Protein chains: 2
Amino acid sequence: METRELRYFVAVAEELHFGRAAERLGIAQPPLSRAIGQLERRLGARLLERTSRSVALTGAGEVLLAEARTALDAVAAAERRTRRAAEAPTGGAGLVLVSKAGAANELVAKLLDQYAAEPDAVGVDVMLVGPGLQEQALRDGRADVAILHAPWDDVAGFDTEVLTVEDPAVLVQAGHPLTGRDAVHASELEALVGLPAPRWPDREGRYADGPGPEVHDVTQLLQLIALGRTYLVAPVSAAAQAGEGVAAVPLLGAPPVTTLLAWPPQSRSRDLASFVRVATGA
Amino acid sequence: METRELRYFVAVAEELHFGRAAERLGIAQPPLSRAIGQLERRLGARLLERTSRSVALTGAGEVLLAEARTALDAVAAAERRTRRAAEAPTGGAGLVLVSKAGAANELVAKLLDQYAAEPDAVGVDVMLVGPGLQEQALRDGRADVAILHAPWDDVAGFDTEVLTVEDPAVLVQAGHPLTGRDAVHASELEALVGLPAPRWPDREGRYADGPGPEVHDVTQLLQLIALGRTYLVAPVSAAAQAGEGVAAVPLLGAPPVTTLLAWPPQSRSRDLASFVRVATGA
DNA sequence: GAAGCCCATACCCTGGAGGTATCGATCGCG
DNA sequence: CGCGATCGATACCTCCAGGGTATGGGCTTC
């Protein structure tokens, strides 16, 4: 199977419409129909159930959609990381670290300082993205190593090292009724806080429907908290840099927040290995 | 990048010889030279340093080799799993479980029985391979779920659930001096056992050089142990099924052996999920 | 039943992948 | 030092696969 075929199939599977998929791919509809037909014939599997009015995925089609996405990510990662490896000696960054915008700032700063002091250190670019998007950056090669927060971020499929374990806290507007309390229990959180959770964009930059403000970075989020429009559950350390107008209340009965370093398991890069070694204090 | 280009590059990178790589790929040498040249031009990166007498990987080339291997595995997995998904309703196996030949037999049997009793159970094929080859089967889609043994097998990159934790033991010929002892400490194992470790084939079916007999399944290995030609460190449960002529001595000072279930993290298959649920006793 | 939507088929054309022949550089050897 | 052998690169040709346009044919909708 060629990546072109996988790209074509993913486009059709996502659009469930040959015409729109072809437009998205920048080709005409007939070649797309043929390409999918050939793919089905060679796999010996029906991937799409189509009538002249609708297109639907078969079971095999759903399997291929999931597998094709990860395969295409792996190919994209190969291309990006190779490009970066070639540029690295001539001024490009040797490593890209991705973190949640606004999170774990102190930790990251300390980490970068420590690493920069190493004799064989290479340049490190820091990339900041919304929650849940770091994993994607790691998978498709835009980043080499990520700061993740279990249990919120999905750690599956990466090598990890734990950096810190912290208790969670609720961040609300200063003066909110909750701030009068010593702590909140997770089970009563929703009722007591009385505010909608913020909504972050997904990997295509779109927002799901629902209550709660749309946010795309932490500065913006902290302002919205200070204005009493939303709240946030975060590690206690985040409360320190929240600033004016925001108060933190310890959250009980919730799992601790583990900050960890994650990287793709097949990475055998010398630079990455030495970065991880420094980060884990070995 | 197309998978064809990645296959070509991997062939050259592994052979470090355009002629042999072309032969392996079943094409002539000139198109291969051109394809690599084009790849380098499009990536803007020199991948191979070649003189008329030698071919060597550049830094970028090494990165691409590692990344390309995992990308090609992902593509192969997409193809295999799609094929299997299409065959499943008509008699093919819905799931493929891969385990080390001869290991954890009882556990696996119990697991399969429990799962088969589920209302929505699908057929499960069991695939047995040599140590260290299960991960590859999982990565390239020949299997959906594996039984692995930490810390011997490499768990990186998979979702896992722990099944059992056991103490390790040394399996030697019955009557071996060691069998007179209550236990052995890991640090003194090599000196006391006085035998070479067995050698298993790697992913291409080749054996590394060194002392110790070449083995490719556990029956064969147990016979060799009974003949006093080699020894094995295994979880204590393995000793039970070792049979005549083989004795087990507890091994101290070594990490416990964790038997775990592993599967590719992106798998969203309903069947796999229910298998894992049964296996973890939830 | 007329119109519109949408996927499949028919047919043509071009780019690029693959083949053969050969060059040019390098190394070993007498 | 010159000769042959080795090996990657280049030149040139062929052919097919991937892409385009035109159109058919099944459904749905008023």
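Because the structure is a prediction, the values reported are computed rather than measured.

Participant: Break down the protein's contact with DNA strand D for me, with residues and values.
Facilitator: Taken together, 22 residues sit near DNA strand D, with A:Tyr8, A:Ala28, A:Arg34, A:Ser52 and B:Ser33 positioned nearest. Atoms of DNA strand D within 4 Å of the protein: sugar and phosphate make up 67%, bases the balance. One nitrogen or oxygen atom from the side chain of A:Arg34 is found 2.8 Å from a base nitrogen belonging to DNA strand D. Elements with a minimum of two residues in the surface near DNA strand D: helix H1 (3-15) and helix H3 (29-43) of chain A together with helix H2 (18-25) and helix H3 (29-43) of chain B. Element by element, the count of residues in the surface near DNA strand D is highest for H3(A), at 4 residues. Partitioning the surface near DNA strand D into residue classes produces 8 nonpolar, 9 polar and 5 charged.

Participant: So what about the sheet that holds strand S6 (residues 159-166) of chain A? Which residues, and what values?
Facilitator: Backbone-to-backbone hydrogen bonds pair the strands of a sheet. The strands run either parallel or antiparallel. Residue and element names in this part refer to chain A. If you trace the 5 strands from one edge of the open sheet to the other, you get S4-S3-S5-S11-S6, paired in mixed fashion. For this open sheet the edge positions go to strand S4 (124-129) and S6, each flanked by a neighbour on one side alone. Direction aside, the axes of adjacent strands within the sheet are offset by 25 degrees on average. Pairing analysis gives 6 bridges linking strand S3 (residues 95-100) to S4, with the strands arranged parallel. Within S4, the residue paired with Ser 99 across the bridge is Leu 128. Across the sheet, helix H5 (residues 105-116) is in contact with S3, S4, strand S5 (145-150), S6 and strand S11 (257-263); its angle to S3 comes to roughly 165 degrees.

Participant: Can you explain the pairing of S5(A)? Please cite residues and give values.
Facilitator: Residues and elements named next belong to chain A. Most of S5 is tucked away, with 6 of its 6 residues classed as buried. The alternating pattern of S5 places Val 145, Ile 147 and His 149 and Ala 146, Leu 148 and Ala 150 on opposite faces, both of which are buried. Across 2 bridges, the pairing between S3 and S5 is parallel. Among the inter-strand pairings, Val 98 is bridged to a residue of S5, identified as Ala 146. Pairing analysis gives 5 bridges linking S5 to S11, with the strands arranged antiparallel.

Participant: With reference to specific residues and values, describe the relation of the copies chain A and chain B.
Facilitator: The two copies are related by a screw operation: chain A maps onto chain B through 180 degrees of rotation and 0.0 Å of translation along the axis, at an RMSD of 0.1 Å. Look at the turn and shift together and you get a two-fold axis relating the two. Closest to the rotation axis within chain A is the C-alpha of A:Gly157, separated from it by 2.0 Å. When the interface residues of chain A are mapped onto chain B, 100% of them again lie at the interface, so the same face is used by both copies.

Participant: Provide a residue-level description of the nonpolar core, including the pertinent values.
Facilitator: Of all hydrophobic cores here, the largest spans 58 residues; its most connected members are A:Phe9, A:Leu64, B:Phe9 and B:Leu64. Ignoring any residue separated from it by four or fewer positions in sequence, one finds A:Phe9 in contact with A:Ile36, A:Leu39, A:Leu47, A:Leu48, A:Leu57, A:Gly61, A:Leu64 and A:Leu65. B:Leu95, B:Leu97, B:Ile147 and B:Ala279 belong to the second-largest nonpolar core, a separate cluster that totals 15 residues.

Participant: Break down the packing of aromatic side chains for me, citing the residues and quoting the values.
Facilitator: Each pair of aromatic rings is reported with the distance of its centres and the angle of its planes. Residues and elements named next belong to chain A. With the rule as written, the count across this model stands at 2 aromatic pairs over all chains. Note on Tyr 115 and Phe 275: the rings are 5.0 Å apart at their centroids and 70 degrees apart in plane angle, and the pair reads as edge-to-face. Remark: Phe 275 occurs in helix H10 (residues 270-279) and Tyr 115 occurs in helix H5; sequence separation between them is 160 residues. An identical accessibility class is assigned to Tyr 115 and Phe 275; each is buried. Across the ring face of Tyr 8, the terminal group of Arg 4 is positioned such that the distance to the ring centre comes to 5.6 Å.

Participant: Residue-level account of the protein's contact with DNA strand C, with values.
Facilitator: The full set close to DNA strand C counts 22 residues, and A:Ser33, B:Tyr8, B:Ala28, B:Arg34 and B:Ser52 are the nearest of them. The protein-proximal atoms of DNA strand C, defined as those within 4 Å of the protein, are 66% sugar or phosphate. One of the side-chain N or O atoms of A:Gln29 is found 3.0 Å from a base nitrogen in DNA strand C. B:Arg4 is positioned with one of its side-chain polar atoms (N or O) 3.5 Å from a sugar or linking oxygen of DNA strand C. When residues of the surface near DNA strand C are traced back to their parent elements, those giving at least two are helix H2 (18-25) and H3 of chain A together with helix H1 (3-15) and H3 of chain B. With 4 residues, the single largest contributor to the surface near DNA strand C is H3(B). Partitioned by chemical class, the residues of the surface near DNA strand C number 8 nonpolar, 9 polar and 5 charged.

Participant: Give a detailed account of the pairing of strand S11 (residues 257-263) of chain B, specifying residues and quantitative values.
Facilitator: Here is the key point about a regular strand: its side chains alternate between the two faces of the sheet. Residues and elements named next belong to chain B. Summarising burial for S11: 7 of the 7 residues are buried, a large majority. Side chains of S11 alternate between two faces, with Val 257, Thr 259, Leu 261 and Trp 263 and Thr 258, Leu 260 and Ala 262 buried alike. Where strand S6 (residues 159-166) lies against S11, 7 bridges are found, and the strand directions are antiparallel. By the bridge assignment for S11, Val 165 is matched with Thr 258.

Participant: So what's going on with the side chain of A:Glu2? Residues and values would help.
Facilitator: Position of A:Glu2 relative to the elements: it lies in the segment before H1. You can call A:Glu2 buried: its relative accessible area is 15%. Among the polar contacts made by the side chain of A:Glu2, one reaches the side chain of B:Thr3 at a distance of 3.0 Å. Here the side chain of A:Glu2 touches B:Arg4 through a polar contact of 3.1 Å, landing on its backbone nitrogen.

Participant: Which residues make up the confidence of the model for chain A, and what are the values?
Facilitator: Of the residues in chain A, 97% reach a pLDDT of 70 or more, and the chain-wide mean stands at 88. Highest mean pLDDT in chain A belongs to H1(A) (95); lowest belongs to helix H9 (residues 236-240) of chain A (78).

Participant: Requested: an account of H3(A), with residues and values cited.
Facilitator: Between its first and last C-alpha, H3(A) extends 21 Å over 15 residues, near the 21 Å set by a 1.5 Å rise per residue. Every buried residue of H3(A) is listed here: A:Leu32, A:Ala35, A:Ile36, A:Gly37, A:Leu39, A:Glu40 and A:Leu43. In this fold, the buried residues of H3(A) make contact with H1, H2, strand S1 (48-50) and helix H4 (59-87) of chain A together with helix H4 (59-87) of chain B. A positive phi of about 65 degrees marks A:Gly44, the residue just after H3(A).

About the cut-offs
- Residues numbered from 1 in each chain as written.
- Chains lettered and ligands numbered in written order.
- Predicted model: local features only at pLDDT ≥ 70, side-chain atom pairs only at ≥ 80, totals over all residues.
- Heavy atoms only, no water.
- Near = heavy atom within 4 Å.
- Polar contact = N/O pair within 3.5 Å; in protein donor to acceptor, adjacent residues only side chain to side chain.
- Helix = DSSP H or I, 4+ residues; strand = E, 2+ residues; numbered from the N terminus.
- Nonpolar A, V, L, I, M, F, W, Y, C, P; charged D, E, K, R; others polar.
- Pairing = 2+ DSSP bridges.
- Axes fitted to C-alpha atoms, helices over the stretch in contact; angles between N-to-C directions.
- Contact = heavy atoms within 4.5 Å.
- Buried < 20%, exposed > 50% of the residue type's maximum accessible area, 1.4 Å probe, protein only.
- Least-squares fit on C-alpha atoms with pLDDT ≥ 70 in both.
- Core = buried A, V, L, I, M, F, W, Y, C linked by side-chain atoms within 4.5 Å.
- Phe/Tyr/Trp six-rings, centres within 6.5 Å; stacked < 30°, edge-to-face > 60°.
- Lys NZ or Arg CZ within 6 Å of the ring centre and 35° of its normal.
- pLDDT = per-residue confidence, 0-100.
- Expected span 1.5 Å × (residues − 1).

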